[in-house]
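# Structure at a glance
These are the residues of each chain, in order.
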Amino acid sequence: MAHIVISGGSRGIGKACALLFNSKGYDVTVLSRKDPEYDLGRIRHIKCDVSSMQSCKDAMSLIDEPIDILLSNAGISLSGLITDFDEEEYRRVMDTNFGGLYNLTRLIVPQMVSRKKGSIIAISSMWGQTGASCEALYSASKGAIDSYIKALAKELGPSGIRVNAISPGVVMTDMMSCYSEEDIACLKDETPLQRLGNADDIAKACLFVASDDASFVTGQIIGVNGGMLI
Ligand code: NDP
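So, a few notes on the structure that sits alongside this text. (Residues numbered from 1 in each chain as written. Predicted model: local features only at pLDDT ≥ 70, side-chain atom pairs only at ≥ 80, totals over all residues. Heavy atoms only, no water.)

### Notes on the layout of surface pockets
In this model, the largest pocket occupies a volume close to 1100 Å³. Lining the largest pocket are 50 residues, with Gly75, Ile76, Ser77, Thr173 and Met175 positioned closest to its centre. Taken together, the elements giving at least two residues each to the lining of the largest pocket come down to helix 1 (12-23), strand 2 (27-32), helix 3 (87-115), helix 4 (126-130), helix 5 (136-156) and helix 6 (181-189). Broken down by class, the residue content of the lining of the largest pocket amounts to 24 nonpolar, 16 polar and ten charged. In this model, the second largest pocket occupies a volume close to 270 Å³. When the residues that make up the lining of the second largest pocket are grouped by side-chain class, the tally is five nonpolar, five polar and four charged. (1 Å grid on protein atoms, 1.4 Å probe; cavity = no way out; pocket = protein on both sides within 12 Å on 5 of 7 lines; lining within 4 Å. Points joined across faces, edges and corners; volume = space filled by probe spheres on them. Helix = DSSP H or I, 4+ residues; strand = E, 2+ residues; numbered from the N terminus. Nonpolar A, V, L, I, M, F, W, Y, C, P; charged D, E, K, R; others polar.)

### Description of the nonpolar core
By size, the foremost hydrophobic cluster in this structure holds 29 residues, and its most contacted members are Leu31, Leu104, Ile120, Ile149 and Val163. Secondary-structure elements contributing two or more residues to this core are helix 2 (53-61), helix 3, strand 5 (118-123), helix 5 and strand 6 (161-168). Per element, the largest residue contribution to this core is six residues, and it comes from helix 5. In this view, Ile149 contacts Leu101, Ala122, Val163, Asn164, Ala165, Gln220 and Ile221; residues no more than four positions away in its chain are not counted. Residues Ile6, Ala18, Tyr38 and Ala210 belong to the second largest nonpolar core, which totals 27 residues. (Core = buried A, V, L, I, M, F, W, Y, C linked by side-chain atoms within 4.5 Å. Buried < 20%, exposed > 50% of the residue type's maximum accessible area, 1.4 Å probe, protein only. Contact = heavy atoms within 4.5 Å.)

### Topic: the environment of Ile120
Structurally, the position occupied by Ile120 is in strand 5. When the C-alpha atoms of Ile120 and Ile82 are compared, they prove to be 31 Å apart, with 38 residues separating the residues in sequence. If near-sequence neighbours (up to four positions away) are discounted, Ile120 is found in contact with Leu70, Thr105, Val109, Met112, Leu156, Ile161, Arg162, Val163 and Asn164.

### Topic: the site of the ligand
Around the ligand, a shell composed of 30 residues is seen, among which Ser10, Arg11, Arg33, Tyr138 and Thr173 lie nearest. One of the side-chain N or O atoms of Lys142 is found 2.9 Å from an oxygen atom in the ligand. Here the ligand has 880 Å² of accessible area as a free molecule, and 97% of this is covered by the chains. Contributions of two or more residues to the shell around the ligand are made by helix 1 and helix 5. (Near = heavy atom within 4 Å. Polar contact = N/O pair within 3.5 Å; in protein donor to acceptor, adjacent residues only side chain to side chain. Areas by Shrake-Rupley, 256 points an atom, 1.4 Å probe, with all protein chains shown as cover.)

### Remarks on the packing of aromatic side chains
The geometry of an aromatic ring pair is captured by two quantities: the separation of the ring centres and the angle between the planes. All chains considered together, the criterion is met by two aromatic pairs. Ring geometry for Phe21 and Tyr26: centres 4.8 Å apart, planes at 80°, overall edge-to-face. By the burial criterion, Phe21 is buried, and Tyr26 matches it. (Phe/Tyr/Trp six-rings, centres within 6.5 Å; stacked < 30°, edge-to-face > 60°.)

Rendered as structure tokens:
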């Protein structure tokens with residue numbers, strides 16, 4: 001069965017993806033800085049800080065089997081006025097959200113090219129497309145992902161490699177814990193489907209994009225947002 005590497009698979013969306021792909025018979029390897037908070041079963045975990053190229057190289061050196069699918073999901077958010085943040089925070093957000101995707105693709109693409117097959121999926125955000133007030137750095141890091149995905153899809157298509165992004169709306173994970181109940185209620189109200197997303201909504205979209213059912217889909221930023229951004 002196909003082998004998928006999922007970054008940020010310790011919790012939230014990455015955890016839901018790891019469990020769903022595992023339940024469908026995929027070989028799953030998850031990367032994260034901390035140990036996952038769930039029973040791994042057949043899922044393999046490797047400690048990795050995706051913002052560090054060296055840490056990604058060390059993790060890749062522990063993986064023997066070819067990688068068919070890369071799901072670059074690890075990410076951090078940063079909320080506040082742009083004047084609240086310094087260069088260190090700018091680096092942390094960019095190096096994790098965009099740098100993590102760059103580091104992993106830089107290391108994994110050569111083997112996909114030589115095998116003439118592969119699927120790369122990045123978890124972006126609707127804010128990368130439209131921009132969020134008080135999330136300028138986060139929005140920029142996701143906008144970079146969207147451009148990179150489109151460019152890589154053109155570059156790698158002739159090698160039989162598909163490259164796409166899933167762009168979630170608001171999804172109830174630890175990342176949303178900084179928002180008050182009132183904020184959450186407002187976000188729900190602004191969503192045409194009148195509910196917020198859950199991690200499984202995103203995992204199911206990833207499963208489709210990874211599968212042969214999506215064999216003609218590449219270079220796309222696929223919104224999974226309840227209609228919040230149309
Ligand atoms: P969580 O905070 O629940 O999980 C984040 C995951 O990323 C954890 O597994 C964490 O593992 C991992 N991670 C963070 N930094 C690093 C790092 N440097 N190296 C390796 N792993 C790292 O967030 P979500 O599940 O909500 O978010 C997953 C993705 O979805 C992110 O890219 C996020 O931007 C995106 N997204 C989320 C939305 C939401 O509303 N929740 C909306 C739109 C997009 P550990 O800490 O163990 O390293």
